[in-house]
Amino acid sequence: MSAFYITTPIYYINARPHIGHAYTTMVADAIARSRRLRGDDVFFLTGTDEHGQKVERAAQKAGVSTPAFADEVSASFRQMCADLHVTNDDFIRTTEPRHRDAAQAIWRKVAAAGDIYKGDYEGWYCTVDEIFVPETQLVDGACPTCGSKVERLKEESYYFRLSKYQQPLLDFYAAHPDFLQPAFRLNEIRTFVESGLQDLSISRTSFQWGIPVPDDPAHVMYVWFDALTNYLTALGFPADDPATQDRLSRYWPTVTHLVGKEIIRQHAIYWPAFLMSAGMLPPSRIIAHGFWLMGGAKMSKSFGNVARYQEYAETFGVDALRYFVMREMPLGQDANFSDDGVLTRFNADLANDLGNLVSRATTMVQRYCGGIVPAPHVQEALDTNLRAAVSTTIERVLANFEGFQITIALQDTWELIRAVNKYIVEREPWTLAKQPDRRAHLETTLYEAADALRVIAALVDPVMPDAATRIRGMLGVRQEPWTGLAGGTLVPGTRLGTIEPLFPRIEKTLEELRGMSTDTPAGGTTDPATTTPATPATAPAPPAAAAADNSRISIDDFMKVDLRVATVLQAEAVPKSRKLLKLTVRVGADDRTILAGIAEAYAPEALVGRTIVIVANLKPAKLMGIESNGMVVAASGDGGKPVLLGFSEATESGWRVR
Ligand code: MSP
């Protein structure tokens, strides 16, 4: 049994989990499940990264002690795993004593290698991403990764001799071309390392919420030094009893770190360098995925455009959410998250393709064979072609899972689903059933369809474990390992279980489905500056639990929102939308189209000529096929209708509102 160790990043606890965190965790889970099906000895780790200044600050803002804050938010990530049917074997918290011991042990090893020295640090620091940003990389004085304001820091600091590892790292990359995937990422990292590495500040004295540096408790460790070590903590490091040694050598360095693309540098440069210094081997594989975008921007708390996984799981089901994210985002690329996208995939792929197949294959065995799987009798081209498609698909899907290409594995599986549906249509069992002399053909068709469905259930199992279990329940079969998975092994005579609809088609529009405007991202933020153009009246209330996320913004943050006086030139209803009006507004010399969710409160004709206030610098967003360039600002009470802003004194179109 080969050992397979997979990790997610450990998540910061300054924000509650959103689709981005859920995504990495679900992908890691699908990979872990696929390896278990292959018979590997899997260890799957996730957890929370709890130290650092921003957590200390977030707790202060929330008015609770830092440990209490950490407990609460960490628990929400643990809950996310349970909610999304994630099968992690451990959940690590960096505030646990086992982790403090591991991080301090690594520190000691690195110090013993002569790679840590004390100096003074002065420079720019981003507390959101917990990284030092070289002056040359600042973008308008802000962090290039998240756009937050950076802080000037000057303090005594321990340094890690990262520069010493430039050549060893380059040698390591050369010897391990698969170390970082997709491959172009390794090229980027190589170029970065070749351009020269500076020593890294790895301690701070300006806050307390961290792991004390061994023998110098005035310093706490830089969060990344602390955080990266978690991958070893969970294996029992630094204990050196035989059982732990055994575990360490079993799972290390054969580990797969699944990470988002923004933290590649820490994983592909710092982490191997720390390990080399500590006399340990670098991780064998890093898989970097892209970002979920919302309205064109990375979904992230600092941009205020997050979608919460809970609402999608509730509305569409956990399996459908898992399917959507894994089908929609090819490895390494970015993808757009939209309500419309989820609904479309649900109805097309799950209800139509898979749901129909399940329903046809099972109800026909029920109807024509008394619920007992018949034996196949004939092997005509149609049947042998289907069998061939089944075996090719098994091969492809297994290989694609092994190469972490889940999206392609799902595409392959769906090709087979469509092929089986086509096979049924071509054979027309409903016609065969009326022709007693064609019974052999009928039974063969029903057998082959049910058998292919059994294989399909096995292939979707890592991504949609519940659907797979339900399909197997209907077919009356048990879960089977991927080793030995083949077409034609369904045992004739198997009695079907209870048949139930798998993914009933959702006939409602998104508006009806969720009582929401189609222009509000489901589970979207309440931050109107970064949502797609919804009026505040239509934005969902923040979850009560999000109170700890509330933070005051600076005047600079406010000034990022370009509010302008505008005049409505034209207004009309948007076909098929209960809430939306399409407005043409004049802002200074500029005319633009804006969609506003105010149709229930205003007749279009009453708006023409009216002076309103708009957010002028929102990224354009397409709603109901129309591009909206901005957002109308309105006041609203709880569940009440929106009331447009206006002025009691004369203003001019284009004036700034602040
Ligand atoms: N604590 C560090 C990681 C330390 S690992 C030793 C951290 N935490 S985080 O909370 O910011 O989580 C970042 C990770 O969450 C990303 O690497 C990615 O896995 C996931 N995502 C967060 N936002 C995301 C998207 N918008 N899209 C896809 N994944 C995203 O960085």
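Residues numbered from 1 in each chain as written. Predicted model: local features only at pLDDT ≥ 70, side-chain atom pairs only at ≥ 80, totals over all residues. Heavy atoms only, no water.

A few points about the site of the ligand
Logical step 1: The local shell around the ligand holds 24 residues, among which I10, T24, D49, W292 and M299 are the closest.
Logical step 2: Within the backbone of I10, an N or O atom sits 2.8 Å from a nitrogen atom of the ligand.
Logical step 3: At 3.0 Å, a side-chain N or O of E262 approaches an oxygen atom of the ligand.
Logical step 4: Within the complex, 95% of the 670 Å² of free accessible area of the ligand lies under protein. (Near = heavy atom within 4 Å. Polar contact = N/O pair within 3.5 Å; in protein donor to acceptor, adjacent residues only side chain to side chain. Areas by Shrake-Rupley, 256 points an atom, 1.4 Å probe, with all protein chains shown as cover.)

Concerning the side chain of E448
Logical step 1: For E448, the position within the fold is in helix α17 (residues 439-460).
Logical step 2: Those residues in contact with E448 that lie beyond four places of it in its chain are P376, Q379, D383, L386, R387 and Y423. (Helix = DSSP H or I, 4+ residues; strand = E, 2+ residues; numbered from the N terminus. Contact = heavy atoms within 4.5 Å.)

Comments concerning the packing of helix α13 (residues 339-369) against helix α15 (residues 406-427)
Logical step 1: Axis separation between α13 and α15 bottoms out at 10 Å; the angle between their running directions is 45°. Considered as vectors, α13 and α15 are oriented oblique to each other. Seen from above, α13 lies across α15 with left-handed handedness. In contact with D349, L350, D353, L354, N356, L357, R360 and M364 of α13, α15 contributes W414, I417, R418, V420, N421, I424 and V425.
Logical step 2: The class makeup of the residues in the contact of α13 with α15 is nine nonpolar, two polar and four charged. (Axes fitted to C-alpha atoms, helices over the stretch in contact; angles between N-to-C directions. Parallel < 35°, antiparallel > 145°, perpendicular 65-115°, else oblique. Left-handed = near helix turned anticlockwise from the far one by under 90°. Nonpolar A, V, L, I, M, F, W, Y, C, P; charged D, E, K, R; others polar.)

What about the packing of aromatic side chains?
Logical step 1: If you walk through the whole model with that rule in mind, you get 30 aromatic pairs.
Logical step 2: Between F316 and F346 the ring centres are 6.0 Å apart and the planes differ by 50°, which places this aromatic pair in the tilted class. Of this pair, F316 sits in helix α11 (residues 309-316) while F346 is found in helix α13, placing the two residues 30 residues apart along the sequence. The same class applies to F316 as to F346, namely buried. (Phe/Tyr/Trp six-rings, centres within 6.5 Å; stacked < 30°, edge-to-face > 60°. Buried < 20%, exposed > 50% of the residue type's maximum accessible area, 1.4 Å probe, protein only.)

Some remarks on the packing of α13 against α17
Any two packed helices are characterised by how steeply their axes cross, that is the angle between the axes, and by the distance between the axes.
Logical step 1: Contact geometry for α13 and α17: axes closest at 10 Å, N-to-C directions at 140°. For the element pair α13 / α17, the angle class is oblique. The element α13 and its partner α17 pack so that their crossing is left-handed. Counting all contacts with α13, which are made through L354, L357, V358, A361, T362, M364, V365, Y368 and C369, the residues of α17 involved are R439, L442, L446, A449, L453 and I456.

Focus: helix α6 (residues 183-194)
Logical step 1: Between its first and last C-alpha, α6 extends 17 Å over 12 residues, near the 16 Å set by a 1.5 Å rise per residue.
Logical step 2: What α6 keeps buried is the set R185, L186, I189 and V193. Angular distribution of buried residues about the axis of α6 spans 100°; they occupy a single face of the element. Along α6, exposed side chains directed more than 90 degrees from the buried face belong to A183 and T191.
Logical step 3: Following α6 by one or two positions, G196 adopts a phi angle in the positive range, close to 110°. (Expected span 1.5 Å × (residues − 1). Arc of directions from axis to C-beta.)

What to know about the sheet that holds strand β17 (residues 335-336)
Logical step 1: What the three strands build is an open sheet, ordered β16-β15-β17; its pairing is mixed. Two strands bound the open sheet, and with one partner strand each, they are β16 (297-298) and β17.
Logical step 2: Bridging between strand β15 (residues 292-294) and β16 involves two bridges; their strand directions are antiparallel. In the strand pairing of β16, L293 is matched with K298. (Pairing = 2+ DSSP bridges.)

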